[in-house]
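# Coordinate analysis (summary)
Next come the chains, spelled out residue by residue.
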Amino acid sequence: MPDVSCKIAVIGAGTAGLAAFRSARELTDDVLLIESGPLGTTCAREGCMPSKALIASAKVAATARGGESFGVKTSVKVDGPAVMKRVRRLRDHFVDGVIEGYRAIPEAQRLRGRAKFLAPGILDVGGRRVEAERIVIATGSEAVIPGDIAEATGGRFMTVGDIFELHGLPERLLILGSGVIGCEIADSMASLGVEVSCLSKGGDISFLSDPLVKSAAETILKGHFRLLPDAEFELLGWEGDVFSVKLAEGDGPQTEGFDAVLVATGRKPSLNDLNLEKAGLELDDQGTPQFDELTRLCRGSEDKPVFIAGDADAETMVLPRANWTGEAAGRNAANWPSVGKADAPPTMGICFTEPSMAQVGKRFSEVEDRDDLLIGCADFSDQGRAICEGRNEGILRIYGSAKDQKILGAEMIGPDAEHHAHILALMLRQEITISEAQEMPAYHPVTEEGLRTALRNLSD
Ligand SMILES: Cc1cc2nc3c(=O)[nH]c(=O)nc-3n(C[C@H](O)[C@H](O)[C@H](O)COP(=O)(O)OP(=O)(O)OC[C@H]3O[C@@H](n4cnc5c(N)ncnc54)[C@H](O)[C@@H]3O)c2cc1C
Ligand SMILES: NC(=O)c1ccc[n+]([C@@H]2O[C@H](COP(=O)([O-])OP(=O)(O)OC[C@H]3O[C@@H](n4cnc5c(N)ncnc54)[C@H](O)[C@@H]3O)[C@@H](O)[C@H]2O)c1
């Protein structure tokens, strides 16, 4: 006899798992939510929310520091311990909110422990055997630590969650990786007065793929902190409290010292402990299940269905996606064998630097080879409202199809980019034509006039 048997077991009580649990429970009470970690979700505990709390303090510091050019004089002193205390207070508030919701779930529907597959449809959870007719994997992701970095630092480095545990700000911070985490933390720490060097490999700046937008982003961010997206460097190691790096920049190699090291070199799905080889699933070379994007059903699992959602699927790791994939997985698990295709929203990425970077729909790299490609551009350096506010930097590029007369996507950095991305996402969602989009109303003076300019000059 199994210790527990249920119709649906959801592994992971993060954003995706909670969404799967909720949508399954609308259709059946026989759902079990399994969680091994500290609860509270990655988003609230070490992701979206504490990072945005840090960024909020940074924005206040940057605005205050820039006051003089507006005729407003202030003397700015950043109180590092107070900044970090606020970050933790807000983080705890968000985490507590999630935990409260978790505790409201009837006890019979939740189980604490690390799940691993014993066989298709059978899990071990901390020594208890769970038999489930259908399973949802929503185990999230974890930081990737390249071997050479682990070796050179002797394990003495921070990942992003550790940053929020700091009780003060470091003087000289080395950030490895100029992806989304690297850019957000580098930009905010620099605004808070930390001397930041962000060194990366491969030339990436967050998720940008459009060379013109990327080049604008590089120029803007280089004005805030030292950014070398494709750096030549050698990690020398710690000597006492100083971590040394040999760096080729300008006149030749030089050695520099840092007080703290943040590794932000990417994330991978947390699947290692799941014993997936016992689950009867088709796995790729990395050990990630193969699945259908819109039904979330894992290939090879048709007898004992397994669905996957959130960061665990190794696709774009952002919260809105964790939500919709979780909902779709939970709904299809409950409705099995009748599975429906999810109505996936347009992809969106926002990197909360100042100004923010954004991507919506298809990225440039996905459309650049089209022979009917239209591109519309707006340059914010000469944009009225942005000039008034001293935020006149950045560009926005929109991609369209001449054949279908549809908007395909956009990439941008500039004032209010996060909001422009949302307007474009709505247009993509509603599948309006380019000429309909060009009728977008705009008040004056607003930065949305820049967005309208880009729409109006969509041409080949
Ligand atoms: C620093 C940072 C900033 C971010 N900022 C943003 C942002 O601004 N906007 C945005 O949209 N996205 C952001 N993200 C991404 C977003 O946080 C994630 O995409 C999202 O939280 C993923 O949710 P999830 O449910 O897949 O994973 P999680 O929330 O990590 O949930 C996975 C759960 O599974 C549990 N688990 C794992 N293995 C097992 C097992 N074997 N048995 C039982 N339980 C298990 C874990 O303990 C965890 O609770 C950020 C991420 C980071 C790291
Ligand atoms: N605002 C947001 O939505 C938000 C914020 C933070 C994180 N996230 C999510 O978290 C995920 C992980 O973020 P991330 O920034 O860690 O990953 P990332 O994949 O965005 O960037 C990793 C960067 O590290 C570089 N790199 C890899 N190996 C390296 C090495 N050995 N030395 C130096 N650089 C190296 C890569 O070239 C890349 O630029 C993102 O994909 C994103 O989906 C989202």
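Each value, and the rule that gives it
- For every chain, the first residue of the written sequence is number 1, and numbering continues from 1 along that sequence.
- Chains and ligands are labelled sequentially in the order written, the chains with letters from A and the ligands with numbers from 1.
- In keeping with the predicted nature of the model, local features appear solely for residues at pLDDT of at least 70, side-chain atom pairs appear and are counted solely at 80 or more, and the whole-chain, interface and lining totals rest on all residues.
- Side-chain figures throughout are based on the complete set of non-hydrogen atoms in the structure, without hydrogens or water.
- To be near a molecule or strand, a residue needs just one of its heavy atoms within 4 Å of it.
- Residues adjacent in sequence count toward polar contacts only when both atoms are side-chain atoms; beyond that, a polar contact is any pair of N or O atoms within 3.5 Å, and within protein one must be able to donate a hydrogen and the other to accept it.
- Accessible areas in this description were obtained via Shrake-Rupley with a 1.4 Å probe; residue shielding takes into account the shown protein chains only.
- Starting at the N terminus, helices and strands are each numbered in turn, a helix being any DSSP run of H or I of at least four residues and a strand any DSSP run of E of at least two.
- Put simply, Ala, Val, Leu, Ile, Met, Phe, Trp, Tyr, Cys and Pro go in the nonpolar bin, Asp, Glu, Lys and Arg in the charged bin, and everything else, Gly too, in the polar bin.
- Boundaries of every domain are those given by an automatic assignment or by a domain database.
- Relative accessible area decides the class of each residue, using a 1.4 Å probe on protein chains only: under 20% of the type maximum gives buried, over 50% gives exposed, and in between gives partly exposed.
- Two strands pair under a simple rule: DSSP has to find at least two bridges between them.
- Viewed with both strands pointing away, a crossover whose connecting path from the first strand over the helix to the second turns clockwise is right-handed.
- A fitted line through C-alpha atoms represents every axis, and for helices the fit uses only the stretch in contact; the resulting angles, taken between N-to-C directions, go from 0 to 180 degrees.
- Crossing chirality is assigned from the near helix's rotation relative to the far helix, an anticlockwise turn below a right angle marking it left-handed and a clockwise turn marking it right-handed.
- Residue contacts are defined here by distance: any two heavy atoms, one from each residue, within 4.5 Å place the two residues in contact.
- UniProt positions are given in the numbering used here, feature names are shortened, and annotations may be inferred rather than shown by experiment.
- Take the buried Ala, Val, Leu, Ile, Met, Phe, Trp, Tyr and Cys residues and link them wherever side-chain atoms come within 4.5 Å; each set so joined is a nonpolar core.
- Two rings from Phe, Tyr or Trp (for Trp, the six-membered ring) form a pair when their centres are within 6.5 Å of each other. A pair whose planes differ by under 30 degrees is stacked, one over 60 is edge-to-face, and the rest are tilted.
- For a Lys NZ or an Arg CZ to count as sitting over a ring, it must be within 6 Å of the ring centre and within 35 degrees of the ring normal.
- Put simply, buried area is the surface a 1.4 Å probe can reach on two separate parts but cannot reach once they are joined, added for both.

As annotated in an unreviewed UniProt entry, the protein carries the name Dihydrolipoyl dehydrogenase and is attributed to Parvularcula mediterranea.

Moving on, we come to the site of ligand 2. Not every one of the 22 residues close to ligand 2 is listed here, only the nearest: Ile181, Glu184, Lys201, Met317 and Ile350. Met317 is positioned such that a nitrogen or oxygen atom in its backbone is 2.6 Å from an oxygen atom of ligand 2. Within the complex, 77% of the 840 Å² of free accessible area of ligand 2 lies under protein. Considering every element that reaches the shell around ligand 2, the biggest residue donor is helix 7 (residues 180-191), with 4 residues. By residue class, the composition of the shell around ligand 2 is 10 nonpolar, 7 polar and 5 charged. Two domains each provide a minimum of three residues to the shell around ligand 2, namely domain 1 (4-142 + 268-335) and domain 2 (147-266).

Quick look at the pairing of strand 8 (residues 172-176) now. The side chains of a regular strand alternate between the sheet's two faces. The buried count for strand 8 comes to 4 of 5 residues, which makes it a mostly enclosed element. In this structure, strand 8 lies alongside strand 9 (residues 195-199), joined through 5 bridges in parallel fashion. What sits directly across from Leu176, in strand 9, is Leu199. For the segment spanning strand 8, helix 7 and strand 9, crossover handedness is right-handed. Pairing geometry for strand 8 and strand 14 (residues 260-263), over 4 bridges, is parallel. Paired with Leu176 across the two strands is Val263, which belongs to strand 14.

Spatial ordering of the open sheet is given by 11-12-13, a layout of 3 strands whose pairing is antiparallel. At either margin of the open sheet sits one strand with a lone partner, and together these are strand 11 (232-239) and strand 13 (252-258). Taking the axes of each pair of neighbouring strands and ignoring which way they run, one obtains an average angle of 20° across the sheet. In terms of strand pairing, strand 12 (residues 242-249) meets strand 13 through 7 bridges, oriented antiparallel. Paired with Leu247 across the two strands is Gln254, which belongs to strand 13.

By nearness alone, 35 residues border ligand 1, and Ala16, Glu35, Thr42, Lys52 and Asp311 come closest of all. Contacts to ligand 1 include Cys48, whose backbone N or O atom sits 3.4 Å from a nitrogen atom. Side-chain polar atom of Lys52 to an oxygen atom of ligand 1: 2.7 Å apart, as the coordinates give it. Protein contact buries 90% of the 1,000 Å² of open area that ligand 1 shows by itself. The set of elements that each furnish at least two residues to the shell around ligand 1 consists of helix 1 (15-25), strand 2 (31-35), helix 2 (42-46), helix 3 (48-65) and helix 9 (319-335).

A separate point is the packing of helix 1 against helix 9. In the contact formed by helix 1 and helix 9, the axes pass within 7 Å of each other and the chain directions differ by 35°. The interaxial crossing formed by helix 1 with helix 9 has right-handed handedness. Contacts between helix 1 and helix 9 involve Thr15, Ala16, Ala19, Ala20, Arg22, Ser23 and Ala24 from the first element and Leu319, Ala322, Asn323, Gly326, Glu327, Gly330, Arg331 and Ala334 from the second. The residue makeup of the contact of helix 1 with helix 9, split by class, is 7 nonpolar, 5 polar and 3 charged.

Our next topic: the UniProt feature "active site" (unreviewed entry) in the protein. Per the UniProt record, "active site" (unreviewed entry) is found at His444. Tracing the chain through its elements places His444 in the loop between helix 13 (434-437) and helix 14 (448-456). Its relative accessible area of 57% is what places His444 among the exposed residues. A distance of 2.7 Å separates the side chain of His444 from the side chain of Glu449, its partner in a polar contact.

On to the nonpolar core, then. Ile185 and Met357 are the most contacted members of the largest nonpolar core, which has 38 residues in total. Contributions of two or more residues to this core are made by helix 3, helix 4 (80-103), helix 6 (160-163), strand 8, helix 7, strand 9, helix 8 (211-222) and strand 14. Contact partners of Ile185, with chain neighbours within four places excluded, come to Leu54, Val160, Ile163, Phe164, Ile175 and Leu262. In this structure, Ile8, Ala20, Phe21 and Ala309 belong to the second largest nonpolar core, which totals 26 residues.

What follows deals with the packing of aromatic side chains. What the rule picks out here adds up to 3 aromatic pairs. Measuring from centroid to centroid gives 5.6 Å for Phe364 and Tyr399, while their planes differ by 55°, and the two rings are tilted. A residue pair is termed long-range when its members are at least 10 positions apart, and Phe364 in helix 10 (residues 364-367) and Tyr399 in strand 20 (residues 395-401) qualify at 35 residues. Residues Phe364 and Tyr399 agree in their burial class; the two are buried. Over the ring of Phe233 we find Lys201; its NZ or CZ atom is 5.0 Å from the centre of that ring.

Before going further, it helps to spend a moment on the environment of Glu436. For Glu436, the position within the fold is in helix 13. With a relative accessible area of 43%, Glu436 lands in the partly exposed category. Distance in space between the C-alpha atoms of Glu436 and Leu166 is 50 Å, their sequence separation being 270 residues. Of the polar contacts made by the side chain of Glu436, one reaches the backbone nitrogen of Thr433; its length is 2.8 Å.

Looking now at the domain arrangement of the protein. By convention, interface size is frequently given as the accessible area that disappears when the constituent parts associate. In terms of domain boundaries, the protein breaks down into domain 1 (4-142 + 268-335), domain 2 (147-266) and domain 3 (348-457). Here domain 1 and domain 3 have C-alpha centroids that lie 31 Å from each other. Facing the 5 residues of domain 1 at the interface are 6 residues of domain 3. With both sides pooled, the region where domain 1 packs onto domain 3 buries about 380 Å², and carbon together with sulfur makes up 67% of that total. Considering only the surface of domain 1 that becomes buried against domain 3, Lys52, Lys59 and Phe70 emerge as the three largest contributors, covering 68% of it.

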